[in-house]
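Remarks on the overall topology
So the chains spell out like this:
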Amino acid sequence: MFFSCELVLLQLHTTQLNNSIRMNSQKQAKSALISVFSKDGLAPIAQKLHDLGVTIYSTGGTEKFIKDLGIPVVPVEDVTSYPSILGGRVKTLHPKVFGGILNRQNNESDVAELAQYEIPQIDIVIVDLYPFEKTVASGASEQDIIEKIDIGGISLIRAAAKNFADVMCVSSVNDYADFLNLLETQEGAFSLADRKAFAAKAFNVSSHYDTAIFNYFNHDHSIPSLKISETQGKVLRYGENPHQRGFFFGNFDEMFEKLHGKELSYNNLLDVDAAVNLMNEFIGDDPTFAILKHNNACGFATRATIHQAYVDALAGDPVSAFGGILIANTKIDKATAEEIHKLFCEVVIAPSYDEDALAVLKGKKNRIILIQNEVELPQTQVRTCLNGALVQDKDNKTDAVEDLTYPTNNKPTDSQLEDLLFASKICKHTKSNTIVLVKNKQLCASGTGQTSRVDALRQSIEKANNFKFDLEGAVMASDAFFPFPDCVEIADNAGIKAVIQPGGSIKDQLSIDYCNANNIAMVFTGTRHFKH
């Protein structure tokens, strides 16, 4: 048994050693096929290949580009003895091209067939695909979009990446710089590890490309299939907790300009997402400020100035604001920055800042300061569930005056109506079950994430009282209907005089009757806004 174990260990060590040698063995490139859309950064690559004596094959616009550099290039047509046809739709799709890429150089039969059919060996394939996603985003016609579905290029990538044992595949303009660095430092010799690493990048490119095409055709989700691909990502310090790994996939820099502070954490990003979605309800409104903690607003106010909006938002819950996420819908000035600077907060977000305001805010080295850019956000929400995923449309419904019905005898005043819609917007972005209390466009308190709506209401009233809010004349918003009149009764006893809720309970009349008997105005929106 001992001898057997030793033998197994020796065999394992030998296998690992052989794999290590194989992974680090260098293979000198002698030929390259180049067919790219983007020529940016291609010139130094072509020049270095030429300097190394590498034979370059190309076609179409890429061939002309290389020739114009004064570098010799062999047209693919000379290899295939077949011209580019169908308006350029078919150029490289030929056995003499793909045979040169897919042959196994350690396979005697493959090598013999190359000689028999006069197929040149191709050691490097450099491709940059037609910009399908950019064409779709530009609003181009369907005909133009379809023409930007790359056929030859994607086939070259898959073939070269599959045969990484012998071929180096450069699959995107984004990899030109890394490839050129290898080319220069290793003088055209690439290890198996190099080739495999670039193959992984190539399959990332090809799978993302196919996903984008499928999602274009399946924009209405008529095929019940979920395909998500994000090619930009970053490793976070950790996930929700230090023992969990965390990653963010997406183009954060497209949405925000980070001016100052530490790296954003997993929890920061969740809070920033909640803050952005909430404040999007108030774009173009009077100066508005929100303070969020654990994805919920703990302070919110709209005022004549952003300074007063911040002061009144902070008054909503100065305790929870500690370590919170702050967001404004307009420029932050110095006076506001000086007030913010008194508070420990993780992130400040605004469309812009005065220079003297930035100087104040940067006084805390770790405070994250972001400028929010105008970016279209995804309209589909995805979350893992059990052994699969749940997908739904984003809740883009914002309750408006035209949506309301007035079931009670007492109708809300104009100022109450403004507060009701204001409260409804905040309620939509607060964890269910929730009750939101508002007075004069200021969040007095909210009950968040409660298993009972009555508990959410009592929590909000207690919190408002703790921070010395006078709820007489305040309004109440609920994310879902009241099955019993207990909530309107509790609200009435606290001084609340107007209520907004979806309605739709088979027992709505009980709440309506209570409101009528106690001169409370209640409106129905007809739309539930659960948020789990």
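Residues numbered from 1 in each chain as written. Predicted model: local features only at pLDDT ≥ 70, side-chain atom pairs only at ≥ 80, totals over all residues. Heavy atoms only, no water.

**Observations regarding the overall build of the protein chain**
Each helix and strand in the protein chain was counted, giving 20 helices and 22 strands. For 532 residues, the compact-globule formula gives about 24 Å, and the C-alpha radius of gyration of the protein chain, at 32 Å, lies well above that figure. Along the longest, intermediate and shortest principal axes, the C-alpha atoms of the protein chain span 100 × 60 × 60 Å. Here the protein chain, with 532 residues, has 46% of them falling under the buried criterion. Considering only contacts in the protein chain between residues 6 or more positions apart, those separated by 24 or more positions represent 56%. Here the protein chain has roughly 26900 Å² of accessible surface; of this, 52% comes from carbon and sulfur atoms. Positive and negative side-chain charges of the protein chain, numbering 50 and 66 respectively, have mean locations separated by a distance of 4 Å. (Helix = DSSP H or I, 4+ residues; strand = E, 2+ residues; numbered from the N terminus. Rg over C-alpha atoms; globule rule 2.2 N^0.38 Å. Buried < 20%, exposed > 50% of the residue type's maximum accessible area, 1.4 Å probe, protein only. Contact = heavy atoms within 4.5 Å. Areas by Shrake-Rupley, 256 points an atom, 1.4 Å probe, with all protein chains shown as cover. Lys, Arg positive; Asp, Glu negative; His and termini not counted. Charge placed at Lys NZ, Arg CZ, Asp CG, Glu CD.)

**Observations concerning helix H15 (residues 334-341)**
For H15, every residue scored as buried is listed here: Thr336, Ala337 and Ile340. One side of H15 holds all its buried residues, which, seen down the axis, span an arc of 100 degrees. On its buried side, H15 packs onto strand E11 (288-293), helix H14 (306-315), strand E13 (324-328), strand E14 (345-350) and helix H16 (355-361). (Arc of directions from axis to C-beta.)

**Thoughts on the environment of Gly316**
Looking at the secondary structure, you find Gly316 in the loop between H14 and E13. Judged by relative accessible area, Gly316 falls into the buried class, the value being 2%. Sequence separation between Gly316 and Glu402 is 86 residues; the distance between their C-alpha atoms is 30 Å. Residues in contact with Gly316, not counting those within four places in the same chain, are Cys298, Leu443, Cys444, Phe467 and Phe469.

**Observations concerning the nonpolar core**
Formed by 41 residues in total, the largest nonpolar core has its most connected members in Phe300 and Ile426. With near-sequence residues (within four places) excluded, Phe300 lies in contact with Leu278, Met279, Phe282, Thr288, Phe289, Ala290, Ala313, Phe422, Ile426, Lys441, Gln442 and Leu443. Counting residues in hydrophobic clusters, the runner-up holds 29 residues, among them Val97, Val125, Ile154 and Ala160. (Core = buried A, V, L, I, M, F, W, Y, C linked by side-chain atoms within 4.5 Å.)

**Some points on the sheet that holds strand E2 (residues 31-36)**
The 5 strands lie next to each other as E4-E3-E2-E5-E6, forming an open sheet whose pairing is parallel. Looking at strand neighbours, the two that pair on one side only are strand E4 (74-75) and strand E6 (168-170), the edges of this open sheet. By the bridge criterion, 4 bridges tie E2 to strand E3 (residues 55-58) in an arrangement that is parallel. By the bridge assignment for E3, Leu33 is matched with Tyr57. (Pairing = 2+ DSSP bridges.)

**Here's the deal with the pairing of strand E5 (residues 124-128)**
Counting buried positions along E5 yields 5 of 5 residues, so the element is predominantly enclosed. Residues Ile124, Ile126 and Asp128 of E5 are buried on one face, and the alternating residues Val125 and Val127, pointing to the opposite face, are buried as well. Relative to E6, E5 runs parallel, the two sharing 3 bridges. When the bridges of E6 are listed, Ile124 appears paired with Met168.

**Some details on the side chain of Lys428**
Within the secondary structure layout, Lys428 lies in helix H17 (residues 414-428). Judged by its relative accessible area of 7%, Lys428 is buried. Not counting residues within four places of it along the chain, the set of residues in contact with Lys428 comprises Glu281, Asp395, Asn396, Lys397, Thr398, His529 and Lys531.

**A word on the packing of helix H2 (residues 42-51) against helix H10 (residues 176-185)**
Viewed as axis vectors pointing N to C, H2 and H10 meet at an angle of 25 degrees, and their least axial separation amounts to 10 Å. Considered as vectors, H2 and H10 are oriented roughly parallel to each other. The chirality of how H2 crosses H10 is left-handed. Packed against H2, whose contacting residues are Leu42, Pro44, Ile45, Lys48 and Leu49, the element H10 presents Tyr176, Phe179, Leu180, Leu183 and Glu184 at the interface. Considering only residue class, the contact of H2 with H10 consists of 8 nonpolar, no polar and 2 charged. (Axes fitted to C-alpha atoms, helices over the stretch in contact; angles between N-to-C directions. Parallel < 35°, antiparallel > 145°, perpendicular 65-115°, else oblique. Left-handed = near helix turned anticlockwise from the far one by under 90°. Nonpolar A, V, L, I, M, F, W, Y, C, P; charged D, E, K, R; others polar.)

**Structural notes on the confidence of the model for the protein chain**
With 95% of its residues at a pLDDT of 70 or more, the protein chain has an overall mean of 92. Within the model, pLDDT remains below 50 along residues 1-10, and this stretch shows 0 contacts once partners closer than five positions in the same chain are excluded. Note on residues 17-23: pLDDT under 50 across the span, and 6 contacts to partners over four residues away in sequence or across chains. (pLDDT = per-residue confidence, 0-100.)

**Quick notes on helix H5 (residues 95-102)**
The complete set of buried residues in H5 reads Val97, Phe98, Gly100 and Ile101. Projection of H5 onto a plane perpendicular to its axis shows the buried side chains occupying an angular sector of 155 degrees, all on one side. Contact partners of the buried residues in H5: E2, helix H4 (76-80), helix H6 (108-116), E5 and helix H9 (152-162).

**Digging into the environment of Glu63**
Of note, Glu63 is situated in helix H3 (residues 60-68). It is 40 Å that separates the C-alpha atoms of Glu63 and Ser225, two residues lying 162 residues apart in sequence. Setting aside chain neighbours within four positions, we find Glu63 in contact with Ser58, Val73, Pro75 and Glu77.

**A few points about the pairing of strand E17 (residues 388-393)**
Strand direction decides the pairing type here: strand E16 (residues 380-385) and E17, joined by 6 bridges, are antiparallel. Across the sheet, the residue bridging to Val382 is Val391, located in E17.

**Brief notes about the pattern of salt bridges**
With the rule as written, the count across this model stands at 20 salt bridges. A salt bridge links Asp68 to Lys64; the nearest nitrogen and oxygen atoms lie 2.9 Å apart. One end of the pair, Asp68, and the other, Lys64, are both in helix H3, 4 residues apart, so they sit about a helical turn from each other. With a relative accessible area of 53%, Lys64 lands in the exposed category. Salt-bridge contacts for Glu281 lead to Lys428; the nearest nitrogen and oxygen are separated by 2.7 Å. One end of the pair, Glu281, is in the loop between helix H13 (266-279) and E11; the other, Lys428, is in helix H17, and 147 residues separate them in sequence. Owing to a relative accessible area of 13%, Glu281 belongs among the buried residues under this scheme. (Salt bridge = Lys/Arg side-chain N within 4 Å of Asp/Glu carboxyl O.)

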